[in-house]
Structures are given as C-alpha cells and as structure tokens.
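Given next are the chains, with one letter for each unit.
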Amino acid sequence: MASTGEATLNTSHVGKKKKIPARYWQEQQKKGKDETEKSDPFPGPAPIPQDRVQKFKRKTKTKRSGSQGYKLRDMITRSEEASQMAQKQAARFDLLLPEDAGFLEGDEDEDTCTISQEDIADAVDITSGAKYFNLKLSQFGPYRLDYSKTGRHLLLGGRRGHVACIDWQSKQLMCEINVMESVNDVKWLHSEAMYAVAQKKWLYIYDTNGIELHCIRKFNDVLRMQFLPYHFLLATASATSFLQYLDVSVGKEVAAICTKTGRLDVMCQNPHNAIIHLGHHNGTVTLWSPNQKEALVKMLCHQGGVRSIAVDKAGTYMVTSGMDKKLKVYDIRMFKPLNSYFLPAGSSCLSLSQKGLLSAATGDIVQVYRDVWSTPVTKPYMAHRVRGTVWGLHFCPFEDVLGVGHGDGFTSMLVPGAGEPNFDGLDANPYRSAKQRQEWEVKALLEKVQPELISLDPHELGQVDHATFDQRHQDRVQALGFDPLAKVKFIPKYKKKGRSSAGSVEKRKKQVAHEDQRDVIRETVEDKMKMEKERREREKKAAVLSSQKSALDRFKK
C-alpha cells in the first residue's frame, strides 16, 4: 500500500503540460464535416401561396423607358421593392389571422331559414347569445338605425323624435333625448363622439351626451344621409332634390348639386370610391360626385320607382329593389345586370354585410340571402319576423349581427357568417380606449382625402395624364424655341490627376451648355436676318412698282 506522500506526488500537476481548451470556432470546424453531409431539408424562406400574394397585390410594375434619369430609375426601383416586400409580409401575416367566418348549417333535409333566432341563441355561447335581444319602443317608432365604424356603438332615431345612443354590447345607455319633432335619419360621424340627426326642418349635430353642437340651416328638409369616413364628408339628400356635401372637419359646405329628379329618399354610398348612388321615382339610379354638377352615370334599373339600394364593400356589385317587386343584382364595373329575382311583395330595405350576405325586408319579415351574385338563389339563408313594419336595416361591422329598426322598436338578429372576423386595429379597432381614439382621430385628419379626388375609377389617380403632359411640353417648346428634352444631358467624362473636381466638372458643363446656347442663338439670328432680308426685298419691289408711271395716271386728280 502506497503512503500518503507518494499519492500526493502522483496527483500533483507540476511538470505537466496543460491542455488548452478548444475555441468555439474550432469546435464548429470539427463538427462541420458531419454537418456538410446533412443539408437543410427546407432551405431559404418559407414559400407563400400565390393566391394570397395576389390578394395583397397593389400595383403592376412600371414600364421603364430609356429617357428616364438615374435618380428617377432608382426611386422607382426602391418603390417597387418596398411594395413587393409589403405584399409578401401581408401575405405571411394573413396566415396568422386566427379567426375565420363560419356559416349556419342545418341537419339533413333541413332548411336553415326554418331555424329560429331563439334556437340559435340557445345553441351558441353566452356572449354570442346575449347579442340577440329586442327593444320594445312602440311609442316613438318606427326607427332608423346606424352602427359606428368600429361596430361598438348603436344609434337609434325614432320617427316621432326619440334619439338614443347605446353601447349595445354592454347594454349601456350613453344618452337619450327627444328632439320634439320628426326625425328622418340618423348617422354617426367620423367617431362615436358625434352624430348627425336629420330633423323635420334642418340638420343638427349632437355629441354623445345629447348636447346640441350645431344647427346647420343650409341643409334643410334632409331625408337621407351617408358619411364618407376617409373624406370627412357628410352627404345629404333632401326633399327639394338637392344633394349636398358637408366637410365635418371644418364645418364647410363643399358642394350643393340640384339633381332635378324630385324627392330623394333612396340613397347609398359605394365604400370603394365614395360615389353616391341615388334612386328615383322613374326607376333610374344615378351616380354622383361632388366635383360635377351632372350625374356620372344614369342607369334604368326598374319599371317602377326604386325603393332601396345597397353596394358591397369592394364596390363591385350593386343590389336594387323597386316598385315592380323585383330585386336586381348589377355589376358596377360594366353596368350590366347579373341576376333578377321576383319577390311577391317587393323589398323596402336592403343591406349588405362585410362577407356579402344580403338582407331584404318585406313588411315585417326580414330575409337574409347568401351568394346572390355568383349563383341564382332559390331560397333564403335565414328568415325572421319582427313585431312591426321594418323601417331600417344595417349589418354590424365585425359582428354576426343584423340590426332591424321597425315600428315596435329595435331587434338585434344573429346572422352567422355576416361579419369580418379579423379587424384592422389601425383603422377600426372595436376595443380602443379614449386615448387611442384621440390619436386615431388626429392621424385620420392628417390623412384626409380631398373631395377633388373622388372619381368613378380611383385607380386613375396613380396614372400619368399623357395628353396634358404632351400639351404642356409643346407649350414649353414654343416658349423656349427649342426642345429641352430632345437632347440627353451632357455628363462630363471622369479625368484623373485632380481634373474631375466639382469646380472643373461644373466648368465643363457650362462650356458645353454655352456651346449649345450659342448654336441656338446663331440659328435664331440667322432666321431673323433671313426674315429681314425678305422684308427688304419686298419693300424694294413695292418701291419700284410705285415709281413706275402708268397710262392711267393722267386720270388721277
């Protein structure tokens, strides 16, 4: 057995060479041999489906000409790269959206239109079931209604003067007033802080406390209203055949157009291009812009008067109903009818949801149709009977809810698949706070679109008006006496030994410019001298002719 001293000598580290630990890059080099053999099974970024990329496509590539300057070329290239990057990022994030729209499906041989609202409310969760309710307001009806842009707040206006603002999801009453005269229409403005009421005589603006902010007497006998959120314009149609636009950001009347078509009680807006659609008693539908005093388009839609109009959010399809008991679907891009349906009693009110569901009211019955423009519809998707004659219909944004205003009050219906499940938090956020609403309002005012930009085709704003450009170019050529774009700009050649400093380059540019200018001046002087010479020759010939005596000169007195 070894002694303790020998054990200590054997374990001593004195005289041994210490091994240096391997560095991290050396470890990677050792492992590299094995890693090179195993390649990545999914190299590069994850692929994006082409249909989703096309969904977010913004513009086509610009055709580049050889006469473009290098600065303009670089700017166009950077813009296209940024647009492609935004398109791909939006397509990637679209895959992450959690919600999807669902529709009502019945059992075998069961029509979904036979399912009652009570059965739907019992089958869904408590939060969704609470969205089906009735407000019995028989004293001041019938009611017109409007939902705010976020879908959070509800505005009710009774024919006999009752006006109420409600946070309908929490069932909290914000304000309730009686204006003591008849109410024709109600409409939220840019936020839930203000709303407009078209009363018997004039147009009034109130806040959410029921305090009267403005009485606008220029807008009299208003029957229908539409608010253009990105232009901050309130469009009104009156009984005196006037279509008026009010800029609510500055309180100024933008345009007043006399349509000369009689009483205007059918009105709708195209959310895609902010064009106003008006229906008339002779069966025509006219399209209007604040920039022109005449109608942009006139369409003969019905053999009788037009009762209601609705346009989808993409601005592609228009649905109309008339006194001839027909419901027609039009493609606005070509102004041609797609489908026509006959309703036994006609339809008095129409409304389109964010997902393309169409609601039509006939008396006290509300029917909801699905895919009315793609395939012919034989039966409704849903149906519901209310307690009085329907006076107003409106789908709630971002919710599967249809608001119905009738003679006995208000009814909130559950319509599965009606609302957009994913909202844009920067545009319309249903859960925003008061501070967020104020910040959004400031940004929206800074980004306000001017009413002069409202046109039938909004894509024309991004195109170059070649006719106007050519005319301006010709005027410039006539004023200067030469074509400034005919010759390519002189680019000095780079020279070594300090001869390409900024000063020498500018000096060479000026010399070339002076030479071109001297050529132009020389040509101009030559033309002037030629004209002067021709004038002198004409004068000389005239003098010679005048000096010659004629045989008739003796008869001169």
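Please refer to the structure higher up on the page.
Residues numbered from 1 in each chain as written. Predicted model: local features only at pLDDT ≥ 70, side-chain atom pairs only at ≥ 80, totals over all residues. Heavy atoms only, no water.

A.B. asks: Please give an account of the overall build of the protein that cites residues and values.
C.D. replies: Scanning the protein from terminus to terminus reveals nine helices and 28 strands. Contacts in the protein between residues at least 24 apart in sequence constitute 45% of all its contacts with a sequence separation of at least 6. Only carbon and sulfur atoms are counted for the fraction: they give 53% of the accessible area of the protein, which is about 35,600 Å². (Helix = DSSP H or I, 4+ residues; strand = E, 2+ residues; numbered from the N terminus. Contact = heavy atoms within 4.5 Å. Areas by Shrake-Rupley, 256 points an atom, 1.4 Å probe, with all protein chains shown as cover.)

A.B. asks: Tell me about the environment of Met 194, residues and numbers included.
C.D. replies: Counting through the fold element by element, Met 194 comes out in strand 7 (residues 194-199). Along the sequence, Met 194 and Tyr 206 sit twelve residues apart, while their C-alpha atoms lie 5.8 Å from each other.

A.B. asks: So what about the pairing of strand 26 (residues 390-395)? Which residues, and what values?
C.D. replies: Two strands pair when backbone bridges link them, and strand 26 and strand 27 (residues 401-406) are joined in this way by five bridges, in the antiparallel orientation. Following the sheet pairing, Leu 393 is matched in strand 27 by Val 404. Remark: five residues form the turn of the hairpin made by strand 26 and strand 27, two consecutive strands paired antiparallel; Phe 398 in that turn has positive phi of roughly 65°. (Pairing = 2+ DSSP bridges.)

A.B. asks: If you had to explain the sheet that holds strand 10 (residues 222-228) to someone new, which residues and values would you point to?
C.D. replies: Judged by pairing direction, the sheet is antiparallel, and its four strands sit side by side in the order 10-11-12-13 without closing on themselves. Two strands close off the open sheet at either side, each with one partner strand: strand 10 and strand 13 (252-258). Across the sheet, the mean angle from the axis of one strand to that of its neighbour is 20°, orientation sign disregarded. Pairing geometry for strand 12 (residues 242-247) and strand 13, over six bridges, is antiparallel. Within the sheet, the bridge partner assigned to Gln 244 lies in strand 13 and is Ala 256. (Axes fitted to C-alpha atoms, helices over the stretch in contact; angles between N-to-C directions.)

A.B. asks: Explain a negative patch on the surface to me, using residue names and the numbers behind them.
C.D. replies: There is a patch of like negative charges on the surface, built from Asp 107, Glu 108, Asp 109, Glu 110, Glu 118, Asp 119 and Asp 122. Summarising the element assignment, Glu 108 is placed in the loop between helix 4 (70-94) and helix 5 (117-123). Glu 108 gets classed as exposed once you look at its relative accessible area, which sits at 75%. (Patch = residues over 30% accessible without salt bridge, like charges linked within 9 Å, V, L, I, M, F, W, Y side chains within 5 Å. Salt bridge = Lys/Arg side-chain N within 4 Å of Asp/Glu carboxyl O. Lys, Arg positive; Asp, Glu negative; His and termini not counted. Charge placed at Lys NZ, Arg CZ, Asp CG, Glu CD. Buried < 20%, exposed > 50% of the residue type's maximum accessible area, 1.4 Å probe, protein only.)

A.B. asks: Can you explain the sheet that holds strand 15 (residues 276-279)? Please cite residues and give values.
C.D. replies: Spatial strand order, 14-15-16-17: four strands in an open sheet with antiparallel pairing. One side of each edge strand has no neighbouring strand; the edge strands of this open sheet are strand 14 (266-269) and strand 17 (297-300). Across the sheet, the mean angle separating the axes of adjacent strands is 20° when strand polarity is ignored. With four bridges joining them, strand 14 and strand 15 adopt antiparallel strand pairing. By the bridge assignment for strand 15, Val 266 is matched with Gly 279.

A.B. asks: Can you tell me about the pattern of salt bridges, naming the residues and giving the values?
C.D. replies: For the structure on display, the rule yields 18 salt bridges. In this structure, the salt-bridge partner of Glu 253 is Lys 218, at a minimum N-O distance of 3.8 Å. Pair noted here: Glu 253 is in strand 13 and Lys 218 is in strand 9 (residues 212-220), with a separation of 35 residues, a long-range link. Classification of Glu 253 by relative accessible area gives partly exposed; the value is 24%. Measuring nitrogen to oxygen at the nearest pair gives 3.8 Å for the salt bridge that ties Asp 408 to Arg 387. One end of the pair, Asp 408, is in the loop between strand 27 and strand 28 (409-414); the other, Arg 387, is in the loop between strand 25 (382-385) and strand 26, with 21 residues separating them in the sequence. Given the relative accessible area of 14%, Asp 408 is considered buried. Several salt bridges converge on common partners, so that one network encompasses Glu 532, Arg 535, Arg 536 and Glu 539.

A.B. asks: An account of the nonpolar core is needed here, citing residue identities and associated values.
C.D. replies: Grouped together as the largest cluster of nonpolar side chains are 33 residues, with contacts concentrated most on Tyr 147, Leu 154, Trp 168, Leu 393, Leu 402, Val 404 and Val 415. Only helix 5, strand 2 (143-147), strand 3 (153-158), strand 24 (365-369), strand 26, strand 27 and strand 28 provide two or more residues apiece to this core. Other than its neighbours up to four places away in sequence, Leu 154 contacts Leu 145, Asp 146, Tyr 147, Ala 164, Cys 165, Ile 166, Trp 168, Trp 188 and Phe 410. Counting 30 residues, the second largest nonpolar core, distinct from the first, contains Val 266, Ile 276, Trp 288 and Ala 295. (Core = buried A, V, L, I, M, F, W, Y, C linked by side-chain atoms within 4.5 Å.)

A.B. asks: Please give an account of empty space enclosed by the protein that cites residues and values.
C.D. replies: What the rule picks out here adds up to one cavity of 30 Å³ or more. Quantified by volume, the largest cavity comes out at close to 30 Å³. If you trace the largest cavity, you find it lined by Thr 150, Gly 151, Gln 169, Pro 397, Phe 398, Glu 399, Pro 430 and Tyr 431. Residue composition of the lining of the largest cavity, grouped by class: four nonpolar, three polar and one charged. (1 Å grid on protein atoms, 1.4 Å probe; cavity = no way out; pocket = protein on both sides within 12 Å on 5 of 7 lines; lining within 4 Å. Points joined across faces, edges and corners; volume = space filled by probe spheres on them. Nonpolar A, V, L, I, M, F, W, Y, C, P; charged D, E, K, R; others polar.)

A.B. asks: So what's going on with helix 7 (residues 434-446)? Which residues, and what values?
C.D. replies: Helical periodicity: at 3.6 residues per turn, an α-helix aligns residues three or four positions apart in one direction. The end-to-end C-alpha separation of helix 7 is 19 Å, in line with the 18 Å expected for 13 residues at 1.5 Å each. Those residues of helix 7 that fall on the buried side of the exposure criterion are Arg 437, Trp 440 and Ala 444. Buried positions in helix 7, seen along its axis, are confined to an arc of 65° and lie on one side of it. Exposed and facing more than 90 degrees away from the buried side of helix 7 are Lys 435, Val 442, Lys 443 and Leu 446. (Expected span 1.5 Å × (residues − 1). Arc of directions from axis to C-beta.)

A.B. asks: An account of the side chain of Ser 412 is needed here, citing residue identities and associated values.
C.D. replies: Topologically, Ser 412 is positioned in strand 28. If we ignore the near neighbours within four places in the chain, the residues touching Ser 412 are Lys 131, Tyr 132, Phe 133, Val 401 and Leu 402.

A.B. asks: Just give me the short version of the pairing of strand 11 (residues 233-238), but keep the residues and values in it.
C.D. replies: Counting buried positions along strand 11 gives six out of six residues, so the element sits mostly inside the fold. Alternating positions in strand 11 separate into two faces, Leu 233, Ala 235 and Ala 237 on one and Leu 234, Thr 236 and Ser 238 on the other, with burial throughout. Count of turn residues in the strand 10/strand 11 antiparallel hairpin: four residues, of which Phe 232 carries a positive phi of about 55°. Where strand 11 meets strand 12, five bridges bridge the pair, whose relative direction is antiparallel. Each residue of the ladder has a partner; that of Thr 236, found in strand 12, is Gln 244. Counting the residues that bridge the hairpin from strand 11 to strand 12 gives three residues, and of these Ser 241 lies at a positive phi of roughly 70°.

A.B. asks: Lay out the packing of aromatic side chains with the relevant residues and their values.
C.D. replies: Under the defined criterion, the tally for this structure stands at nine aromatic pairs. Note on Tyr 317 and Trp 373: the rings are 4.7 Å apart at their centroids and 5° apart in plane angle, and the pair reads as stacked. Separated by 56 residues along the polypeptide, Tyr 317 in strand 19 (residues 317-322) and Trp 373 in the loop between strand 24 and strand 25 bring together distant segments of the chain. Both residues of the pair, Tyr 317 and Trp 373, belong to the buried class. What links up through ring pairs into an aromatic cluster is the set Trp 188, Tyr 195, Tyr 204 and Tyr 206. A cation over a ring is seen here: Arg 370 above Phe 103, with NZ or CZ 3.7 Å from the ring centre. (Phe/Tyr/Trp six-rings, centres within 6.5 Å; stacked < 30°, edge-to-face > 60°. Lys NZ or Arg CZ within 6 Å of the ring centre and 35° of its normal.)

The analysis is restricted to geometry; functional conclusions fall outside its scope.
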